[in-house]
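# Structural overview
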Amino acid sequence: MKQLLAFSGIEPERLELKWVSSAEGPRFAHVVTDFVERIRGLGPSPLRTGASARKAG
Amino acid sequence: MIDQVRDHVKGLLDDGKIVAFVGLKDQGGNVSPHVYTNSDDLNNGFSLGDLNTPGDARYPLARIAMTAVSQDEKGAVGVLVRGCDERALYELLRWNQLDAERIVKVGIACPAELAQAHECRKPFPDEYVAGEKTDPVANASVDEIMGKDLLGRLDYWKTEFDKCIKCYGCRDVCPVCFCNVCTLEEDSLIRTGDIPPENPMFHLTRAVHMAGRCIDCNLCTEVCPAEIPLRTLYKKVAEIVKDEFEYVTGEPGDRKSPLNILGPDPGHTAAND
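These lines cover the structure that appears in this document, whether it is placed above or below. What you are looking at is a predicted structure, and each value in this text was computed from that prediction instead of being measured.

### Quick word on the interface of chain B and chain A
The partner chain A presents 13 residues to the 20 residues of chain B that form the contact. A buried area of about 1400 Å², summed over both sides, lies between chain B and chain A, and 72% of it is on carbon and sulfur atoms. On the surface where chain B and chain A come into contact, there are zero salt bridges. At the junction of chain B with chain A, the criterion picks out three residue pairs in polar contact (both at pLDDT 80 or more). For the side of chain B that touches chain A, the secondary-structure elements that each account for two or more residues are α5 (141-146), α6 (150-162), α8 (201-209) and α10 (230-245) of chain B. The element best represented in the side of chain B that touches chain A is α10(B), accounting for six residues. The residue makeup of the side of chain B that touches chain A, split by class, is 13 nonpolar, one polar and six charged.

Put into structure tokens, the structure is as follows:
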């Protein structure tokens, strides 16, 4: 999936797949926080321009 | 050359080895797929895509053969195969869409110009009745895109996908699109009312569904009225599947496609049969 995104011109870092067990609460929080920080760093998606950005309003 | 093929097919029909032959028919200058059911039929408009040689009129004959097989209870069906049709047959077999014993291939090798025009990876089937074997053509289109930077690629694909009129031609002509229900028509997954369809979701979704399936025949790109280079996208997907799973589509053997691992084994219709 990441390779296909890169080929289409979308930063592959915007996608992450992680397996977290239901017993791993702290790990889940850690994984999600990390991801949110990473996405913040990347800024708005390059797809949110023109029509889609207007619709999203 | 065409006589060679015609005589071969006549022999198969007359000997009762096949009940029908899926091939091409020239009808007043238009070449279209046709199911021949007796050898007299073959005297009328039998075509290889061009007047006497394998020409550029191509159709998803493998999938038409799949339908023809389902129309008859147990007889075998002959089918005109080029390199691409054969790859489609191999892939349909691996996806349990066909019974190998009910297909009789009649191979023709494609001329070099045709192979060149379609960047064909194998312009001839394993066995062929007519035609000359020509060299495979190397893949260049994927490298061209990979040469761009991320933004360049996004611009390129967004512009291409914006041309889409959502005719579903790419899906309908695809020899390996056999699903009864299609994600592309599922409103909860992709908005169905928009033209161009959701960009890039529509085309990326189709690309993912081509993983471990696309046999690189180029029919989708050939039929696309908006001339979107879809096949380049699917070629990349095939490259990823090959790198990650060492799976190459359109080859003989019963190895299951990596995206079909939960399905029944080849030759079975259900997991527990």
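### A few points about the state of the cysteines
Residue and element names in this part refer to chain B. For the coordinates displayed, the defined rule picks out zero disulfides over all chains. The thiol sulfur of Cys-177 is not disulfide-bonded, and the nearest other cysteine sulfur, from Cys-174, lies at 3.8 Å. Of all cysteine sulfurs in the structure, the one in Cys-167 sits closest to Cys-224, which takes part in no disulfide; the separation is 6.3 Å. With relative accessibility at 14%, the residue Cys-224 sits in the buried group.

### What to know about the side chain of B:Arg231
Here B:Arg231 is to be found in helix α10. Once residues lying within four places of it in the same chain are set aside, the contact partners of B:Arg231 are B:His118, B:Glu119, B:Cys120, B:Asp216, B:Asn218, B:Cys220 and B:Thr221.

Definitions and cut-offs
Every chain is numbered on its own, with residues counted from 1 as its sequence reads. Lettering of chains starts at A and numbering of ligands starts at 1, both following the order in which they are written. Note on the predicted model: pLDDT of at least 70 is required for a residue's local features to be given, and 80 or more for side-chain atom pairs to be given and counted; whole-chain, interface and lining totals, by contrast, use all residues. Excluding hydrogens and water, the side-chain values take into account all heavy atoms of the structure. By definition in these notes, contact holds between two residues if any of their heavy atoms fall within 4.5 Å. Defined in terms of a 1.4 Å probe, buried area is the accessible area two parts forfeit on being brought together, summed over both. For this analysis, a salt bridge means a side-chain nitrogen from Lys or Arg found within 4 Å of a carboxyl oxygen belonging to Asp or Glu. Two N or O atoms count as a polar contact when they lie within 3.5 Å, although within protein this holds only if one can serve as hydrogen donor and the other as acceptor, and sequence-adjacent residues are included solely when both atoms are side-chain atoms. Put simply, DSSP H or I for four residues or longer makes a helix, DSSP E for two residues or longer makes a strand, and each gets a number counted from the N terminus. Note that Gly is not counted as nonpolar here; it falls among the polar residues with everything else outside the nonpolar set of Ala, Val, Leu, Ile, Met, Phe, Trp, Tyr, Cys and Pro and the charged set of Asp, Glu, Lys and Arg. Working definition: a disulfide is two cysteine sulfur atoms within 2.5 Å of each other. Burial classes: relative accessible area under 20% of the type maximum marks a residue as buried, over 50% as exposed, and values in between as partly exposed (1.4 Å probe, protein chains only).

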